[in-house]
Structure formats: C-alpha cells, structure tokens
Amino acid sequence: MSHVLTRWEPENTAFWQQDGKAVARRNLWISIPALMLAFIIWQVWSVAVLNMPNIGFTYTQNQLFWLAALPALSGATMRIFYSFMVPIFGGRKWTALSTASLLIPAVGIGFAVQDPNTSYVTMVILALLCGFGGGNFSSSMSNISFFFPKAEKGTALGLNAGLGNLGVSVVQFVVPIVITMGLFGAFGGEPQTWVKGAVTKQMWLQNAGFVWVPFIVLSTIAAWFGMNDIASAKASFADQAVIFKRKHNWLMCWLYIGTFGSFIGFSAGFPLLVKGQFPDIDPTKYVFFGPLVGALARPIGGWLSDKIGGAKVTQVVFVLMIAAVFAVIGFLPHGGQGGSFQGFFAMFLCLFALTGIGNGSTFMQVPTIFLTLHKRMAGKSETAQKQALTEATKEAAAVLGFSGAIGAYGGFFIPKSYGTSIALTGGVDAALYAFICFYVTCVLINWWFYARKNAEIPC
C-alpha cells in the first residue's frame, strides 16, 4: 500500500463511495487513540499534583497550581506551530512523530516523582514538556479535515476531537487506580509512602507516567504503517500564513476560546477547585466525570451542526453557559458557609456538556465559513470553483489548527484565574463573573457574524 495518496477528491461522490470513505475512516480510527494519548499526557499533572504533598514533596499550593497549569501554556504555544505541520510534513509522518514525542514526558515523570528531592525546576520542565500532548490536537484536527467531504466534516472532526478529548477523563480516572499498585514490578521502581494524618499506605506515583508508555509505542507504530499522506494537501508555511489576514480566523479563535478553552481550563482546574471549595470531598472520585461528559458531547455538537447549522448550535451553547455559571456561583460556599456540592457538581457537568457541544459546532463552522468565502471570491467557471474548494480546504485546516492553539490557552488562564481570584478576593466568584462577561462577547460575535438572519456568512 502506498502511504501517499496522489488522488484525493472527497467531494466527488463516486470517488468517495468507491475508495475515499474507507481510507478516510481508517485514518480517523488510527488518529483517535493517538489523540487520546496526547490529551492523557497533556493533563496527567492535573491528577499527579493531588498526591505529591502526601509522599514528601514540599511544594506550596501556588507551585502545585503552576504545575497543573503549565502544560496548557506550553501546549497552546506548541499548537501554533503544530497547526501548520501537516501540509509541510504530511499527516502520517507528523502523527507518528508527534505521538512518539509523548514518550519523553511520560518516562520523565515516571522517574522524577520517585524522589521527593527532585527539584521544582525539573518538575516545571516536565510540565512544560507535557505540552507535546497539547500541541498534537491542532495537527490532528488539521489532518483529519483533509480526509472528509464538507457534509461529513462536522461529524468526523467531532469524533476525532470528542473521543480524543476522552483522554482527559481517562487520565483522571485511571491514574488514581494504577498508582495504588506495582504494575511493573522491579522495573517500575520502589513504592513511596503516602501519609495523611494517621493513614499510611504505599503508592507508585511513577505509574502516572509509565503506564502510558506501551500504548504510545503501539499508537506510533499504527500511525506510521496505517495512515496516509495526501499529496494535494501539501503547502508551505507561507501558503498557509494567509489565514492571519482573514478576519474570520480571529473571530473563530475568539469563539473557540469560549468553547474548547473552557473545556480544557475547567478540566485542568477542576480537581484543585473542588479540593479548595469543598474540603470534605475527595475530588478523585468525581472530577473525571466532567471531561467525560464534555468529550462525549463533542461528536453530538458536530452531528447537530451538520443537521441544523453550526452557528445556531453555538449561539444556544453560549447562552446556556452563561446561565450555568450563574448557577455554579449560587451553589458555592461563601465565607466558609453554605454551598451545595451536589448542585455545584451538577452545574459543572452541564458546563462540560455545553463546552463539548460548542467544540463540535465551532469546528463545523470553520470549513463552512472558508468554503463560502472562497467561492464568493472565485469566478463562476468549474475550474475556478474547484480551485476555490482546494484553497478553502487548506485554509480551513490551518484555521482549525490555529484556533485550537489559541483556544488551548484557556487551560492555563482558567486555573490561574481561580488562584488569582482567591488571592485577591478570598474566593473564586470574581473569576466566574469574568467568565460570564467573556461568554456574553461570544454570544454577540457569533450572532452578528454568523447566526442572525442577514449575517455576513450564515453557517
């Protein structure tokens, strides 16, 4: 089998049914577990930091918040570069290389957490290296967008991202289990002694990194031998850089901060938020549910958008997110009094579900916006319209990756917003009110440019 597809015409119905669909789906199903592992490595610190104080690490609460937030900061920055890599190197090659890079932080964490005397600088470097996982999202979404026709892009991108996003929930569910057992015997290192009050037990925190190593190796091999590069998708950085002149690139980046930025930010900050606001609650028993709901909702958002339009779905999502944040504020304890964890948790589950649906709908909007834009600019001839489709596909892929990069900064700013709000006001309410103000701007932008009756580009 040739790994380079010299002919790729997904909008050609005959080609799609005869050859294209099977190839596209194979690439999608190999891409999904690779992306899931990327999210796992990206978010592993959100769970690891909860146990470090109990096994001898003397880092402050603020230092722990930084370790949970730094992967999002580096991952978002790496996404900017990863956004443009698939047309330069090819989807197969880049997926295999970027997946293999996850071995560096996975193995590094496994060794570093075994010694409480490991310097904080070392931990910061490892947290930043976990950004490799965050970067993979942009290249993965860019790659998959080339394989599917417009009518199926929303569903395909929703599946890739939604099931990939499950990695956040998987890591928050699996790590608390695997660190309680010596999975690798003598090869996995000695256990640490976990102490809290009068309770003492053994823990293998190194398994938070080591357990993913065999899966990363298998996924890398699958990508190298099972995926494809598309010859017509080749483009230099200069070719793709035209998106920086497109107004709609920046508008969709803003909206994606509201959807994916909220999803990844809430995911990164939720364990420490629960621990701080409800001290009697064990966060490891609950926090994985939020990212799970958000990840499973994302394909639904893509599917709904394919059926009724992405802008309509996005509009409803942001309105409901505003209402849900108000409800979260109402269920928080204030001055150490009152509060309802059940209500708080239920509203956060709603928020996670809405971010997932919004992730799917905004990513459906992007290809539609750029296809409409290029068809308007092109001539009426069949050749001009075909060229417009090619250019729109390349630009949309770059925008999907770049907006994913900008949106990922939410994974840093949301946890830090909690910490800053607590430091300045004694609670997290100020941060939550700031989120509401931001969501209001998203409602207005989406309505004016995409959702209203005479919008510039209805989608």
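Every value quoted in this text rests on a predicted model; they were computed, and no experiment measured them.

Rules behind the numbers
- Residues numbered from 1 in each chain as written.
- Predicted model: local features only at pLDDT ≥ 70, side-chain atom pairs only at ≥ 80, totals over all residues.
- Heavy atoms only, no water.
- Helix = DSSP H or I, 4+ residues; strand = E, 2+ residues; numbered from the N terminus.
- Rg over C-alpha atoms; globule rule 2.2 N^0.38 Å.
- Buried < 20%, exposed > 50% of the residue type's maximum accessible area, 1.4 Å probe, protein only.
- Contact = heavy atoms within 4.5 Å.
- Areas by Shrake-Rupley, 256 points an atom, 1.4 Å probe, with all protein chains shown as cover.
- Axes fitted to C-alpha atoms, helices over the stretch in contact; angles between N-to-C directions.
- Parallel < 35°, antiparallel > 145°, perpendicular 65-115°, else oblique.
- Left-handed = near helix turned anticlockwise from the far one by under 90°.
- Nonpolar A, V, L, I, M, F, W, Y, C, P; charged D, E, K, R; others polar.
- Pairing = 2+ DSSP bridges.
- Salt bridge = Lys/Arg side-chain N within 4 Å of Asp/Glu carboxyl O.
- pLDDT = per-residue confidence, 0-100.
- Phe/Tyr/Trp six-rings, centres within 6.5 Å; stacked < 30°, edge-to-face > 60°.
- Lys NZ or Arg CZ within 6 Å of the ring centre and 35° of its normal.
- Patch = residues over 30% accessible without salt bridge, like charges linked within 9 Å, V, L, I, M, F, W, Y side chains within 5 Å.
- Core = buried A, V, L, I, M, F, W, Y, C linked by side-chain atoms within 4.5 Å.

Considerations on the overall build of the protein
Turning to step 1, where the next piece is worked out: Looking only at helices and strands, the protein has 19 helices and 4 strands in total.
Turning to step 2, where the next piece is worked out: Expected size for 459 residues packed as a compact globule is a radius of gyration near 23 Å; at 22 Å, the protein falls within 12% of this value.
Turning to step 3, where the next piece is worked out: Taking the principal axes of its C-alpha atoms as reference, the protein extends roughly 80 × 50 × 35 Å.
Turning to step 4, where the next piece is worked out: Looking at the 459 residues of the protein, the share that counts as buried comes to 59%.
Turning to step 5, where the next piece is worked out: Taking the contacts inside the protein whose residues are at least 6 apart along the sequence as the reference set, 84% of them involve residues at least 24 apart.
Turning to step 6, where the next piece is worked out: Carbon together with sulfur atoms contributes 68% to the accessible area of the protein, which is approximately 17,800 Å² in total.

Description of the packing of helix H13 (residues 247–277) against helix H16 (residues 341–377)
Turning to step 1, where the next piece is worked out: Here H13 crosses H16 at 155°, and the two axes come no closer than 9 Å. Compared by their axis directions, H13 and H16 come out roughly antiparallel. You can see that H13 and H16 cross each other, and the crossing is left-handed.
Turning to step 2, where the next piece is worked out: When its residues are assigned to classes, the contact of H13 with H16 shows 19 nonpolar, 10 polar and no charged.

Regarding the pairing of strand S3 (residues 199–203)
Turning to step 1, where the next piece is worked out: For strand S2 (residues 192–196) and S3, the ladder comprises 5 bridges, and the chain directions are antiparallel. Its bridge partner being in S3, Trp194 is matched across the sheet by Lys201.
Turning to step 2, where the next piece is worked out: Linking two consecutive strands that pair antiparallel, namely S2 and S3, is a turn of 2 residues; a positive phi of about 65° is found at Gly197 within it.

Description of helix H5 (residues 91–100)
Turning to step 1, where the next piece is worked out: In terms of burial, H5 is a largely internal element, 7 of the 10 residues being buried.
Turning to step 2, where the next piece is worked out: Considered for burial, the residues of H5 that qualify are Gly91, Arg92, Trp94, Thr95, Ala96, Ser98 and Thr99.

What to know about the environment of Tyr439
Turning to step 1, where the next piece is worked out: Assignment of secondary structure puts Tyr439 in helix H19 (residues 429–451).
Turning to step 2, where the next piece is worked out: Excluding its chain neighbours within four sequence positions, the residues that come into contact with Tyr439 are Gly258, Ser262, Phe266, Phe318, Met321, Ile322 and Val325.

Some remarks on the packing of helix H3 (residues 61–82) against helix H17 (residues 382–407)
Turning to step 1, where the next piece is worked out: Close contact between H3 and H17 brings their axes to 7 Å; oriented N to C, the two are set at 165°. For the element pair H3 / H17, the angle class is roughly antiparallel. At the point where H3 passes H17, the crossing takes the left-handed sense. Residues Ala76, Arg79 and Ile80 of H3 pack against Gly401, Phe402, Gly404 and Ala405 of H17.

What about the pattern of salt bridges?
Turning to step 1, where the next piece is worked out: The full count for this structure, using the stated rule, is 5 salt bridges.
Turning to step 2, where the next piece is worked out: One salt bridge connects Lys93 with Asp229, and the closest N-O pair in it is separated by 3.0 Å. Of this pair, Lys93 sits in helix H5 while Asp229 sits in strand S4 (residues 229–230), and the two are 136 residues apart along the sequence.
Turning to step 3, where the next piece is worked out: Taking relative accessible area as the criterion, Lys93 reaches 34% and is therefore assigned partly exposed.
Turning to step 4, where the next piece is worked out: On the basis of relative accessible area, Asp229 is assigned to the buried category, the value being 3%.
Turning to step 5, where the next piece is worked out: The partner of Lys247 in a salt bridge is Glu456, and the shortest N-O contact between them spans 2.9 Å. On the criterion of sequence distance, the pair formed by Lys247 in helix H13 and Glu456 in the segment after H19 is long-range, its members being 209 residues apart.
Turning to step 6, where the next piece is worked out: Judged by relative accessible area, Glu456 falls into the partly exposed class, the value being 34%.
Turning to step 7, where the next piece is worked out: Here the salt bridges do not stand alone but share partners, grouping Arg92, Lys93 and Asp229 into one network.

Quick look at the side chain of Ser98
Turning to step 1, where the next piece is worked out: By the secondary structure assignment, Ser98 is in helix H5.
Turning to step 2, where the next piece is worked out: Other than its neighbours up to four places away in sequence, Ser98 contacts Tyr82 and Asn136.

Let's talk about the confidence of the model for the protein
Turning to step 1, where the next piece is worked out: A residue-level look at the protein finds 100% of positions with pLDDT of 70 or above and a mean pLDDT of 90.
Turning to step 2, where the next piece is worked out: Confidence, read as mean pLDDT per element, is least for helix H12 (residues 237–240) in the protein (80) and greatest for helix H11 (residues 213–226) (97).

Focus on the packing of aromatic side chains
Turning to step 1, where the next piece is worked out: Tallied over the entire structure, the rule returns 51 aromatic pairs.
Turning to step 2, where the next piece is worked out: A ring pair is formed by Phe266 and Phe352, whose centres lie 6.2 Å apart and whose planes are at 75°; its orientation type is edge-to-face. Taken as a pair, Phe266 in helix H13 and Phe352 in helix H16 lie far apart in primary sequence, 86 residues in all.
Turning to step 3, where the next piece is worked out: Exposure remark for Phe352: the relative accessible area of 0% places this residue in the buried category.
Turning to step 4, where the next piece is worked out: One residue, Arg92, lies across the ring of Trp224, its end atom 4.3 Å from the ring centre.
Turning to step 5, where the next piece is worked out: Of note, Arg298 hangs over the ring of Phe363, and the distance from its end group to the ring centre comes to 5.0 Å.

With respect to the side chain of Asn27
Turning to step 1, where the next piece is worked out: With respect to the secondary-structure elements, Asn27 resides in helix H1 (residues 13–43).
Turning to step 2, where the next piece is worked out: Using a relative accessible area of 0% as the deciding quantity, one classes Asn27 as buried.

Observations concerning a nonpolar patch on the surface
Turning to step 1, where the next piece is worked out: Judged by side-chain polarity, Ile88, Phe89, Phe237, Phe244 and Trp250 come together as a nonpolar surface patch covering roughly 460 Å² of accessible area.
Turning to step 2, where the next piece is worked out: Tracing the backbone through its elements, the reader meets Ile88 in helix H4 (residues 85–89).
Turning to step 3, where the next piece is worked out: With a relative accessible area of 35%, Ile88 lands in the partly exposed category.

Description of the nonpolar core
Turning to step 1, where the next piece is worked out: Membership of the largest hydrophobic core comes to 139 residues, with the highest contact counts inside it found for Trp45, Leu67, Met123, Phe344, Phe348, Tyr418 and Tyr450.
Turning to step 2, where the next piece is worked out: With residues near it in sequence (within four places) discarded, Met123 still touches Trp45, Met52, Phe57, Tyr59, Leu67, Ala112, Val113 and Thr118.

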